[in-house]
Amino acid sequence: MRIRDFKTSYENDEAIWQTPVARAWMAALVAGLLAFPFVAGGYLVNLACLLGIHIIATAGLNIMTGYTGLISLGHAAFMGVGCYTAAYLAHRGVPFYLTIPAAGVAAATIGIIVGIPSLRIKGLYLAIATLATQFLLVFVFQEWTSVTGGASGTIVPAARIGDFVFNTDLRMFYPIWICAAILLLGARNLFRTRVGRAFIAIRDKDISAQVLGINLLRYKLSSFAIATFYAGVAGALLAYYYRAMSPEYFTLQLSIFYLAAIIVGGLGSTLGSILGAVFMTLLPELLRGIVASIALWAPRSLEILSPLQQAVFGLIIIVFLIFEPHGMADIWRRIRRFFHLWPFRA
Amino acid sequence: MAITTSFGSECQNGASQAGTGRHNLLQVDNLDLGFGSIKVLSDVSLRADAGAITAVIGPNGAGKTSLFNAISGFYRPSAGKVTFDGEDISHTSADARAERGLARTFQNVALFRGMSVLDNIKLGGHVRLRSNPISAMWYFGSAQREEMKLRQEVERDIIEFLEIDHIRHQSISALSYGLQRRVELARALAMQPKLLMLDEPVAGMNREETEDMARFILDIQEERGIPVLLIEHDMGLVMDISSHVVVLNFGKVIGGGTPDEVRANPEVVRAYLGSANTEKNS
Amino acid sequence: MSAAAFDWTAFIEFSIVGLLSGGLLALIALGFVLIYKGTGVINFAMGEFMMLGAYSFYTSNVVWRLPTPVSLLLAVVSVAACAALIERSVLRPLAGQPVISVLMATIGLSSALHGGIAAVFGGASYEMPQIIPRKAVIIGDLLIPGMIIWNFVLSAIIIALFLLYFRYSKTGIAMRAVANDPITAYVVGIDVRKTQRLIWMFAGVVGAIAGIVVASMNTISPALGYVALSVLAVIILGGLDSIAGAIVAGLLIGVAESLTAGYLGGKVRDIIPYAIVLAILLVRPYGLFGTRQIERL
């Protein structure tokens, strides 16, 4: 039950973690995360690294699609841009703490180029434009062999600071999660300012937003640029994590994967980005486990893992859109609200 | 409400902001507007003066909201000119017009459902803030300062004034219609506009809510020095608070003047079939 | 001064082949435009309707060995039924939600159907029975594959039948009314729900036929689902809500694809529709015949 929850200053009212209890939980979480790789086994650390990368990509997509209402079907391709940019620069000796932001900027630049023609009109056109961009960029990844290594892919040198090389999962855990924390905080902060409010206004009633002084094209482009920046950073981290990349990774299926993540997690919610990423990281593992156990009697069933994943991603998109359109974040909010007054009823 | 002292200084700011004491703040000249073969406005001219409440009235479909949309910059007229504070804004975009101090509310409440009351109001302050995506994401520093400043201004000057402090964190969908309209007014005020355009501010309200709204509008004009241009069907409200009335019918101006002059104008009476003299009819 | 003269024969041949192939693109585009006009949504699952049609036909004709006309009928009817089911179970609950939600639902739908079909049938390609004559036609120096000609004829017939139905039949007029203005249609007494379901079923029929035809040109495999995505270029060029645009643009894009394939090879040909999409959005976003939206404040 929530008691003595009153604010005494506007700063307190506007803060992200408003009560001492919330701040304590957050501190505990940070401590837990810092210790995690030393306590958990290799498989879990692996999963956690992937989760961190997924969180960044999902948060970026949520800014654009969940908050601003612009659908992107090319998020995976922009991750690819970030990935290959980082790989290219890394091969030329640029340190990782420079290649990662550079990857983000590269992805955002392409995002702005694609956005300028397609954001002048209805959101539907952007969806189609990003779909086209997805296929075009993958084509570039496959054909521009001198830069990307073509269809056979490219190897990425490990990230390093001086003599310390980030060549294990445990070591990569920290750069990934530090980036995730910074970018998540950044995303949350956006919506405490006029920029974030403008994004939401554009989603809800873009004509009215205009009449309130919001330049639609400029803000839509900003939203798209931020989202693609996040995708680029996620892609760069992916490059340093896997140390090898090929164009096959960045497919339309992956773009749809991130769409599912924001829908399941909760459109327009930072917590939603986190929850959605967690769900979508665990779901393929769950499916793999199910198929593996079926494969014990029917060995050929291993082949259906990939299409099964595709089918399940599509189904959960539909199911959540119909039954829980505000996602898991809203479910969480409802649970919390119940406990605010418990044991009394609302 | 012990906030009249802060209002005093607001009022002075407002007066000096209203363009060096310019008299005709908004000037619409010979506006023509059509969609395809439908003529919505023909040769419409009107003036909204500083220090006044101007009302635009007319039967349904007369083109009043289209006139507002043309002034806001959303519809491009085929002929005519719109001058605001001495500047020709006929070719300026809608968002640029808002930056120059033109605020409005809408016939169908256009609040943003994804945000709380407080955030909606803060949105009105958009044009006065300066944060960009990078400073926003960082937040500490200039973005936080301007957000706090805005919050204080909004709380002091708007939320208390419009008596909506009890709902500031609520979501829009939970509010009654009357409260939603009040929040919309709050949002427009947050712009610190030079001219406030209200499209049917009391439509669908009961007597009590209408009187509250009338009081707010009068306070806005008298104490804050913000001139008001409003569209309304409630004749009681129009006659009580406006200093100047313009009558539209079928896209043309058929009369204008003080409320008494308009009430006596035979053309206007004919257009309304005698309802100009009656009390508010919902 | 170039030594080799421009090879006109090749150019003309590519162009004619392209024009004829465009008929099929126009047919698929018609499916998109129908749903867009009637319900305001782009059906990203169009390619999966095509897959459903092709795989249903394959199952009845090759696996169950039913005669070709029966298989065709079965395929078309089952896809129409699926489309109606989808409209009822996915689109209907989302009515009234913002367009972006419905869009994402069709994206989810395409993923679900694609995965489902690939899971059931596997990722391999199968040979489709030849239902379209392949004998080539030779005009002077030009060689036009028979398949291409018959595809064009078939598409043209279906489009024509469809246009006639749309124009003259009672249901067709109802569909046009709903496509134009659902609220007024409702007020006038048209059963908007039933009509919207019919629109989806028609799109399903169109998709099924197109799917069977495309599959029989090559082989049937899950990649079939991506053909429809390239048709998005057609509707962007033609205008999202224009049937005439779909036809004209279909032919034009057919020519563009054919010329690209001829001069630059198959890989470039595969992505040229997407390059065209971006180019059109830059220059003329509403397409050749699309209507510019006016929105009410």
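Small disclaimer: the values here were computed from a predicted structure and weren't measured.

Side note on the overall build of chain B
So, step 1. On a plain count of helices and strands, chain B comes out with eleven helices and ten strands.
So, step 2. Classification of the 282 residues of chain B by burial places 47% in the buried group.
So, step 3. Contacts in chain B between residues far apart in sequence, at least 24 positions, make up 67% of those at least 6 positions apart.

Thoughts on the interface of chain A and chain C
So, step 1. The interface of chain A with chain C comprises 37 residues on the first partner and 35 residues on the second.
So, step 2. Per-element tally for the side of chain A that touches chain C: the top contributor is helix α13 (residues 305–323) of chain A, with twelve residues.
So, step 3. Split into classes, the residues belonging to the side of chain A that touches chain C amount to 28 nonpolar, six polar and three charged.

Some details on the packing of helix α3 (residues 42–67) of chain A against helix α11 (residues 252–265) of chain A
Residues and elements named next belong to chain A.
So, step 1. At their nearest, the axes of α3 and α11 sit 9 Å apart, and the two run at 75° to each other. Here α3 is positioned roughly perpendicular relative to α11, judged by the angle of their axes. Between α3, through H54, A57, T58, L61, N62, T65 and G66, and α11, the contact on the second element is made entirely by Y258, A261, I262 and G265.
So, step 2. Here the residues of the contact of α3 with α11 sort into five nonpolar, six polar and no charged.

Digging into the sheet that holds strand β1 (residues 24–35) of chain B
Residues and elements named next belong to chain B.
So, step 1. Across the sheet, four strands lie side by side as β2-β1-β4-β5; this open sheet has antiparallel pairing. Each edge of the open sheet carries a strand with a single partner, namely β2 (38–49) and β5 (87–88).
So, step 2. Taken strand by strand, helix α2 (residues 64–72) contacts β1, β2 and β4 (79–84), and its axis lies near 70° from that of β2.

Describing the packing of α11 of chain A against helix α4 (residues 99–121) of chain C
In helix packing, the relevant descriptors are the interaxial angle and the interaxial distance, both defined with respect to the helix axes.
So, step 1. At a minimum axis distance of 11 Å, the contact between α11 of chain A and α4 of chain C shows a crossing angle of 125°. In terms of orientation, α11 of chain A lies oblique with respect to α4 of chain C. Seen from above, α11 of chain A lies across α4 of chain C with left-handed handedness. Of the residues in α4 of chain C, those touching α11 of chain A at I256, L259 and I263 of chain A are M104, I107 and S111 of chain C.
So, step 2. Looking at the contact of α11 of chain A with α4 of chain C residue by residue, the class counts come to five nonpolar, one polar and no charged.

A look at the confidence of the model for chain B
All names here are of chain B.
So, step 1. A residue-level look at chain B finds 89% of positions with pLDDT of 70 or above and a mean pLDDT of 84.
So, step 2. Low pLDDT, under 50, characterises residues 1–21; the predicted model gives this stretch 24 contacts beyond four residues in sequence or across chains.
So, step 3. Confidence over residues 276–282 falls short of pLDDT 50; this stretch has twelve contacts with residues more than four positions distant or in other chains.
So, step 4. Interface confidence for the predicted complex, given as ipTM, is 0.89, next to a pTM of 0.90.

Rules behind the numbers
- Residues numbered from 1 in each chain as written.
- Chains lettered and ligands numbered in written order.
- Predicted model: local features only at pLDDT ≥ 70, side-chain atom pairs only at ≥ 80, totals over all residues.
- Helix = DSSP H or I, 4+ residues; strand = E, 2+ residues; numbered from the N terminus.
- Buried ≥ 20, exposed ≤ 12 C-beta atoms within 10 Å, placed from the backbone.
- Contact = placed C-beta atoms within 7 Å.
- Nonpolar A, V, L, I, M, F, W, Y, C, P; charged D, E, K, R; others polar.
- Axes fitted to C-alpha atoms, helices over the stretch in contact; angles between N-to-C directions.
- Parallel < 35°, antiparallel > 145°, perpendicular 65-115°, else oblique.
- Pairing = 2+ DSSP bridges.
- Left-handed = near helix turned anticlockwise from the far one by under 90°.
- pLDDT = per-residue confidence, 0-100.

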